[in-house]
Amino acid sequence: MTDQDLAVVDIRRLEHENLTRAYGLDMKLLYPWNGLTAPFRGAWCVLRPGDVSVSHAHHEHEIFIGMAGSAAVIAEDRRHEFAAGDLVFLKPGIEHHLVNDRDEDFSYYAIWWDRAMSDEFVAHEIDRAESHD
């Protein structure tokens, strides 16, 4: 990979050893990531066998992208099976958690956003564009 490639593509490699235990699962937040700004936040999440994430609701929109294995999303007391390749969209205010009652890890990526994150991103991009003029 050349220096020019590094300027165009920045890859964050999966680091199983650097996951943090939080909210009933193992995770790695997208931020901080030097040079990256986005109108959303995200996290790589791993539910180990027997894990149950903390039940919660929030004001952000949220999408889960199943990457490996399977689990269940419990939303508003209804169970929804969720497997690698599936996408789950949760509207703001929906009480939810995940359950891994399987014998293997379940990995997924969570992405969430709201108006404040979008506004922050737009303001940053305007400042960046103006500083390059």
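Residues numbered from 1 in each chain as written. Predicted model: local features only at pLDDT ≥ 70, side-chain atom pairs only at ≥ 80, totals over all residues. Heavy atoms only, no water.

An unreviewed UniProt entry annotates the protein as Cupin originating from Amycolatopsis oliviviridis.

Trainee: Help me understand the environment of A22, please; the structure alone is not making it clear to me.
Mentor: Its place among the elements puts A22 in strand 1 (residues 20-22). As for A22 and L90, which are separated by 68 residues in sequence, their C-alpha atoms are 20 Å apart. (Helix = DSSP H or I, 4+ residues; strand = E, 2+ residues; numbered from the N terminus.)

Trainee: Sorry if this is basic, but what is going on with the side chain of D26 here?
Mentor: Structurally, D26 is set in strand 2 (residues 25-29). A relative accessible area of 11% means that D26 is categorised as buried. Side chain to side chain, D26 and R48 meet in a polar contact 2.7 Å long. (Buried < 20%, exposed > 50% of the residue type's maximum accessible area, 1.4 Å probe, protein only. Polar contact = N/O pair within 3.5 Å; in protein donor to acceptor, adjacent residues only side chain to side chain.)

Trainee: What is the right way to look at the sheet that holds strand 5 (residues 70-75) in this model?
Mentor: In a beta sheet, neighbouring strands are held together by backbone hydrogen bonds and run either parallel or antiparallel to one another. With respect to topology, 3 strands assemble into an open sheet ordered 6-5-8, the strand pairing being antiparallel. Single-partner strands in this sheet number two, and they are strand 6 (78-83) and strand 8 (96-99). Taken over all neighbouring pairs, the strand axes of this sheet differ in orientation by 25° on average, direction set aside. Bridge count for strand 5 against strand 8 is 4 bridges, and the pairing is antiparallel. Its bridge partner lying in strand 8, I74 is registered against H97. (Pairing = 2+ DSSP bridges. Axes fitted to C-alpha atoms, helices over the stretch in contact; angles between N-to-C directions.)

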